[in-house]
Amino acid sequence: MVDSLKLVLPKGRLQDKVVGLLNAIGIDLTFSTRSYRPLCSDPEIEIKLLKPQNIPPLLALGRHDAGFAGHDWVLENGLDQTSAVTELLDLGFNKIRLVAAVPENILTDNRWQRMRLVVASEYICIAEQYIRDRGLNAVLIKSYGATEALPPEDADMIVDNTSTGSTLVANRLAIVDEILQSTTRFIASQKALQDSWKKEKLEQMRMLMESTLHAQNRVMLEMNVAKADLESLVAGLPCMRFPTIAPLYGEDGYAVKVAVPSREVSRLIPELVARGARDLLEYRLEKLVP
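*Asks:* Would you mind going over the overall build of the protein with me for this structure?
*Replies:* From N to C terminus, the protein includes nine helices and 16 strands. Its C-alpha atoms give the protein a radius of gyration of 25 Å, clearly above 19 Å, the size a compact globule of 290 residues would have. Its C-alpha atoms give the protein principal-axis dimensions of roughly 80 × 60 × 35 Å. Within the protein, buried positions represent 44% of all 290 residues. Accessible area of the protein: about 15800 Å², with a carbon and sulfur share of 48%. Each charge sign in the protein was given a centre, from 34 positive and 38 negative side chains, and these centres are 3 Å apart.

Rendered as structure tokens:
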């Protein structure tokens, strides 16, 4: 009997996006109010919810097979320098910057660089490296959420993640350095990848997730065109490789299909009509496998 695949999902703000992606590839989850173990429609997969910062080190230990976590937590645990955890796919979710920020009142003349600083962060390893690289005179304390609330009374600097920077501004903090950028990744333990069944299962999931993400950024355009206008129309088409072209039944013309970037549609449709496109349809894609 083959073991099931043990998959860990991030609890919190990443959860909805990850669950939505799993739903899109045919993996449906049923949650109960108090349980950290949602039921999975795929009988070969066991699901557990954990805080995202706990996921990379537990995968490295082989306690689970695969999961989702920000690249910042992979770096914080030093797992980018080992083979214990392998990144399967960058999902692009929850893009954040990890920054160093100080209260506005110590920005003048870069006073913060000459002070004895108290630095607060949840990212102890990354913050320690930053302090060394910057040559700062600092003592580091670990924060447990709401790091931005500590200055100015309890910290002179924070090393924290931000997406828009609005929380920092609201707390009168100014960014002095960007340390790294991070997005959500689909990662697997090396132990799981050494199992041929689990490796194949993970590769299937990776391919389906990647095709779903590709499809989210494109739409399908389908149109008819007269034979005389075909070359002009095709010349104006952006596509991954070549458009699909088929002769129309009983007519001197063609049906043309092409997947195009969503951001180009508003410009592209009027241009295609001008080049002879008619009966033009636009529809969303569910999956797109390059």
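*Asks:* Quick question: what am I supposed to make of the nonpolar core here?
*Replies:* Taken as a class, soluble globular proteins show a tendency for nonpolar side chains to be buried jointly. Ranked by size, the top nonpolar core spans 27 residues in total, and within it Leu 7, Leu 9, Leu 22, Phe 68, Phe 186 and Met 205 carry the most contacts. Residue assignment for this core shows that the elements contributing at least two residues are β1 (5–10), α1 (15–24), β4 (45–50), β5 (66–70), β12 (184–189), α6 (190–193) and α7 (196–216). Once residues lying within four places of it in the same chain are set aside, the contact partners of Leu 7 are Leu 22, Ile 45, Glu 46, Ile 47, Lys 48, Ala 66, Gly 67, Phe 68, Phe 186 and Met 205. The next biggest cluster of nonpolar side chains, apart from the first, holds 19 residues, and it includes Val 102, Ile 106, Ile 131 and Leu 136.

*Asks:* How do you make sense of the sheet that holds strand β6 (residues 85–90) when you look at a structure like this?
*Replies:* Whenever strands of a sheet pair, they do so through backbone hydrogen bonds, lying parallel or antiparallel. With mixed pairing, five strands are arranged side by side in an open sheet as β4-β1-β5-β12-β6. Pairing within the sheet leaves two strands with one partner each, and these edge strands are β4 and β6. The mean inter-strand angle of the sheet, taken between neighbouring strand axes irrespective of direction, is 30 degrees. One ladder, built from five bridges, connects β6 with β12; its direction is antiparallel. The partner of Leu 89 across the bridge, within β12, is Phe 186. Relative to β1, α1 is tilted by about 140 degrees, and along the sheet it contacts β1, β4 and β5. Of the strands in this sheet, β1, β4, β5, β6 and β12 are in contact with α7, which crosses β6 at around 25 degrees.

*Asks:* Looking at this structure, I do not really get the packing of aromatic side chains. What am I missing?
*Replies:* Given two aromatic rings, one states the distance between the centres and the angle between the planes to describe the pair. Taken as a whole and assessed by the stated rule, the structure comprises two aromatic pairs. When the centroid spacing of 4.9 Å and the interplanar angle of 20 degrees are considered together, the rings of Phe 68 and Phe 186 count as stacked. Separated by 118 residues along the polypeptide, Phe 68 in strand β5 and Phe 186 in strand β12 bring together distant segments of the chain. When its relative accessible area of 0% is taken as the criterion, Phe 68 is described as buried. Both rings, one in Trp 73 and one in Tyr 123, keep their centres 4.3 Å apart while their planes meet at 15 degrees; by these two values the pair is stacked. Of this pair, Trp 73 sits in helix α3 (residues 71–76) while Tyr 123 sits in the loop between β8 (117–121) and α4 (124–134), and the two are 50 residues apart along the sequence. In this structure, Trp 73 and Tyr 123 share a single accessibility class: buried. Over the aromatic face of Tyr 144 sits the side chain of Lys 142, whose NZ or CZ is 5.6 Å from the ring centroid.

*Asks:* Would you explain the sheet that holds strand β14 (residues 244–247) in this entry?
*Replies:* Strands sit in the order β14-β15-β13-β16 across an open sheet of four strands; the sheet is antiparallel. If you trace the sheet from one side to the other, it starts and ends with β14 and β16 (278–284), each paired once. With strand direction ignored, the average angle separating the axes of adjacent strands in the sheet is 15 degrees. Contacts between helix α9 (residues 265–274) and the sheet are confined to β13 (218–226), β15 (253–261) and β16, with β13 contributing the most and set at about 5 degrees to the helix.

*Asks:* Please clarify how the packing of α1 against α7 should be interpreted in this entry.
*Replies:* Geometry of a packed helix pair, given as the angle between the helix axes and the separation of the axes. Relative orientation of the contacting elements α1 and α7 amounts to 105 degrees, with a least axis distance of 9 Å. Taken together, α1 and α7 sit at an angle that is classed as roughly perpendicular. Every residue of α7 that contacts α1 at Leu 21, Leu 22 and Ala 24 is listed here: Met 205, Met 209, Thr 212 and Leu 213. Taken together, the residues of the contact of α1 with α7 break down into six nonpolar, one polar and no charged.

*Asks:* Any chance you could explain the pairing of β13 here in plain terms?
*Replies:* Each regular strand carries side chains that alternate between the two faces of the sheet. Bridge count between β13 and β15: nine bridges; the pairing is antiparallel. Across the sheet, residue Arg 218 finds its bridge partner in β15, namely Pro 261. Bridge count between β13 and β16: five bridges; the pairing is antiparallel. Looking at β16, one finds that Glu 222 is bridged to Leu 281.

Calculation criteria
- Residues numbered from 1 in each chain as written.
- Predicted model: local features only at pLDDT ≥ 70, side-chain atom pairs only at ≥ 80, totals over all residues.
- Heavy atoms only, no water.
- Helix = DSSP H or I, 4+ residues; strand = E, 2+ residues; numbered from the N terminus.
- Rg over C-alpha atoms; globule rule 2.2 N^0.38 Å.
- Buried < 20%, exposed > 50% of the residue type's maximum accessible area, 1.4 Å probe, protein only.
- Areas by Shrake-Rupley, 256 points an atom, 1.4 Å probe, with all protein chains shown as cover.
- Lys, Arg positive; Asp, Glu negative; His and termini not counted.
- Charge placed at Lys NZ, Arg CZ, Asp CG, Glu CD.
- Core = buried A, V, L, I, M, F, W, Y, C linked by side-chain atoms within 4.5 Å.
- Contact = heavy atoms within 4.5 Å.
- Pairing = 2+ DSSP bridges.
- Axes fitted to C-alpha atoms, helices over the stretch in contact; angles between N-to-C directions.
- Phe/Tyr/Trp six-rings, centres within 6.5 Å; stacked < 30°, edge-to-face > 60°.
- Lys NZ or Arg CZ within 6 Å of the ring centre and 35° of its normal.
- Parallel < 35°, antiparallel > 145°, perpendicular 65-115°, else oblique.
- Nonpolar A, V, L, I, M, F, W, Y, C, P; charged D, E, K, R; others polar.

Coordinates in, geometry out; function isn't part of it.
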